[in-house]
Amino acid sequence: MKRIAVVGGGISGLTAAFALEKQRQAGAPLEYVVFESSRRLGGVLLTEQVDGCQIEAGPDSFLTEKPWASDLCREIGLEEQLVGSNDADRKTYIVVKNKLIVIPDGLMFMVPTKIMPTVFSSLFSLRTKLRMAREWFLPPAPGGEDETVASLVERHYGAEMVDRLADPLLSGVYGGAASQLSVRAVLPRFAEMEAKHGSLGRGMISARRGLPRVAGGGARPLFTSLSGGMQQMADGLATRIAPASIHFGSPVESLHRKADRWSIRSGTEENFFDAVILAAPAVAAGQILKAASSSLASELSGIQYTSSVTVNLGYGREIRAALPPGFGFLVPRSEGTRMLACTFVHNKFPHRAPKDKGILRCFLGGARDEAVLGLNDGEILGTVHRELRDIVKLDASPIFGRVYRWREAMAQYEPGHIQRVAAIEKRVAQIPGLALAGNAYHGIGVPDCIRAGMEAANTVAQLTPESQPLRR
Ligand SMILES: Cc1cc2nc3c(=O)[nH]c(=O)nc-3n(C[C@H](O)[C@H](O)[C@H](O)COP(=O)(O)OP(=O)(O)OC[C@H]3O[C@@H](n4cnc5c(N)ncnc54)[C@H](O)[C@@H]3O)c2cc1C
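Residues numbered from 1 in each chain as written. Predicted model: local features only at pLDDT ≥ 70, side-chain atom pairs only at ≥ 80, totals over all residues. Heavy atoms only, no water.

When pLDDT is averaged across the chain, the result is 93; 96% of the residues are at 70 or more. Below a pLDDT of 50 lies the segment residues 463-472, which in the model reaches 16 contacts outside its immediate sequence neighbourhood of four places, other chains included. (pLDDT = per-residue confidence, 0-100. Contact = heavy atoms within 4.5 Å.)

The next point concerns the side chain of S61. Looking at where S61 falls in the secondary structure, it is placed in the loop between strand 4 (53-56) and strand 5 (62-63). Looking at S61, its side chain comes within polar contact range of the side chain of D60, at 2.9 Å. Setting aside anything within four residues of it in sequence, one finds S61 in contact with F223, T224, S225, M230, K348 and F349. (Helix = DSSP H or I, 4+ residues; strand = E, 2+ residues; numbered from the N terminus. Polar contact = N/O pair within 3.5 Å; in protein donor to acceptor, adjacent residues only side chain to side chain.)

Here we take up the packing of aromatic side chains. Both the distance between ring centres and the angle between the ring planes are used here to describe each pair of aromatic rings. This structure, assessed with the given rule, holds three aromatic pairs. Note on F329 and F344: the rings are 6.1 Å apart at their centroids and 70° apart in plane angle, and the pair reads as edge-to-face. With a gap of 15 residues between them, F329 in strand 18 (residues 328-330) and F344 in strand 19 (residues 341-344) connect regions that are remote in the sequence. For F329, a relative accessible area of 1% gives the class buried. Judged by its relative accessible area of 1%, F344 falls in the buried class. Over the ring of W262 we find R257, and its NZ or CZ is 4.9 Å from the ring centre. Above the ring of F223, the side-chain terminus of K348 is found at 4.3 Å from the ring centroid. (Phe/Tyr/Trp six-rings, centres within 6.5 Å; stacked < 30°, edge-to-face > 60°. Buried < 20%, exposed > 50% of the residue type's maximum accessible area, 1.4 Å probe, protein only. Lys NZ or Arg CZ within 6 Å of the ring centre and 35° of its normal.)

A separate point is the site of the ligand. Lining the immediate environment of the ligand, one finds 37 residues, of which S12, E36, S61, I444 and V446 sit closest. In this structure, S12 approaches the ligand through a side-chain N or O atom, which is 2.7 Å from an oxygen atom. Here N439 contributes a side-chain N or O atom positioned 2.9 Å from an oxygen atom of the ligand. Protein contact buries 87% of the 1,000 Å² of open area that the ligand shows by itself. For the shell around the ligand, the secondary structure elements donating two or more residues are helix 1 (11-25), helix 11 (282-289), strand 17 (305-316), strand 21 (400-411) and helix 17 (446-461). Of the residues assigned to the shell around the ligand, the class counts are 21 nonpolar, 14 polar and two charged. (Near = heavy atom within 4 Å. Areas by Shrake-Rupley, 256 points an atom, 1.4 Å probe, with all protein chains shown as cover. Nonpolar A, V, L, I, M, F, W, Y, C, P; charged D, E, K, R; others polar.)

Within the secondary structure, K114 sits in the loop between strand 10 (111-112) and helix 3 (115-119). K114 gets classed as partly exposed once you look at its relative accessible area, which sits at 34%. Among residues more than four places away in sequence, those in contact with K114 are D105 and G106. At a separation of 2.9 Å, a polar atom in the side chain of K114 contacts the side chain of D105.

Looking now at the pairing of strand 8 (residues 99-102). Relative to strand 8, strand 7 (residues 92-96) runs antiparallel, the two being bridged by four bridges. Residue Y93 lies in a different strand from strand 8, and its bridge partner there is V102. As consecutive antiparallel partners, strand 7 and strand 8 are separated by two residues, and within that stretch K97 has a phi angle of approximately 50°, a positive value. (Pairing = 2+ DSSP bridges.)

This is the structure:
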């Protein structure tokens with residue numbers, strides 16, 4: 001009987017455990033244990049009910065175009081619970097000098113693909129619009145070194161585009177700064193388009209698929225969530241995993257090879273396994289692996305993380321009339337606020353608030369404001385209230401406010417990330433019975449973590465013919 005340990009009970013680890021359970025039920029001679037340091041499963045997936053409102057403390061949805069999360073939900077019987085975002089109301093604003101300016105139609109992740117809406121938009125200065133026109137004629141520029149997103153976007157469209165779009169969009173997704181994130185790892189299609197077409201605008205028109213659109217319509221909703229909240233996914237997986245195989249309150253401290261097996265230390269206990277899936281954040285995985293492989297541990301510890309704070313505020317019905325239509329707004333760094341973004345939850349996912357209430361979800365922290373995690377709830381709520389008053393002239397007092405802190409939860413894909421991950425994976429492949437999963441390697445979103453969890457399980461259990469091949 002093969003014994004497999006899964007370290008971490010977030011969505012990555014739970015998916016891995018579920019994939020192992022499927023193999024076990026299909027007759028594979030294996031058993032598994034999930035070690036989770038906290039008292040709950042789901043990691044950053046956390047949904048709460050407050051005053052009839054559904055509050056998402058961590059992720060609120062996932063990108064529909066990445067199939068692994070929806071596929072998994074269908075497989076565990078949650079198909080009926082899948083809910084698309086209300087894209088009829090899909091407008092996103094950028095804050096410029098304390099005013100909301102809508103992102104013009106046709107802008108695909110900061111690349112303009114429609115001329116007129118961009119020409120008439122007050123989001124960009126004349127200088128940036130002229131850069132956009134010139135960008136159209138750039139010749140192909142094959143293969144340079146990896147660089148930051150800020151550097152690539154600035155070369156094509158100038159610094160204003162970095163400040164007003166690239167940076168706010170990336171701080172929303174990665175909690176990171178455009179000046180620190182790798183183009184090859186975060187926006188690989190931009191590097192490909194530049195190599196092939198030169199102009200990103202022409203490249204985008206020729207590709208016309210794949211990249212998430214931040215404005216404009218589309219057949220499928222851009223985002224998908226669950227009617228009972230994102231935690232439903234973790235809860236659904238938990239019911240399919242043998243309860244006895246989950247060890248709560250069991251932080252894994254170290255891993256050692258002993259006589260061809262893995263010794264896992266958690267508290268005073270030592271357990272032995274044939275294989276281990278490390279589905280904890282890379283920082284933790286590095287600590288755990290220090291004794292087993294110091295070189296691997298140091299590569300893992302080299303992956304940086306940022307922390308974030310989400311604030312959910314519930315209001316009475318007046319909020320709906322007080323705000324413009326749309327999904328919410330992003331705040332460029334140059335505005336000098338602590339708030340990075342704000343979602344109008346009752347517009348994006350109407351089922352989350354009763355008709356007589358509204359919910360705002362604000363993001364703070366990220367690469368440039370780790371200090372916000374040191375403030376107490378009152379200070380954070382006061383900051384958000386003040387900034388909402390300045391930006392959307394909202395003076396109403398919330399019925400409730402909830403603050404959630406996520407320390408070192410968002411992996412940062414810095415330039416060189418792809419080579420670093422290749423080196424990590426090469427080293428892991430040389431160590432028998434070890435696999436990694438989580439948001440630090442091949443994608444930070446929930447669907448990517450699900451795919452990573454499945455792949456890790458298949459690797460350590462050695463793919464059986466009955467196993468479902470993954471869609472790529
Ligand atoms: C605020 C926020 C908003 C986000 N929004 C979105 C979104 O809208 N859409 C989207 O697709 N993605 C979003 N993401 C990203 C996505 O949610 C995460 O990347 C993903 O959920 C990470 O899952 P995970 O299981 O890899 O890690 P985690 O959820 O961090 O889980 C890791 C688990 O490992 C446990 N652990 C750690 N160390 C040990 C140890 N030594 N021993 C045992 N257990 C350990 C932890 O307690 C935790 O339960 C968001 C992330 C955050 C923080």
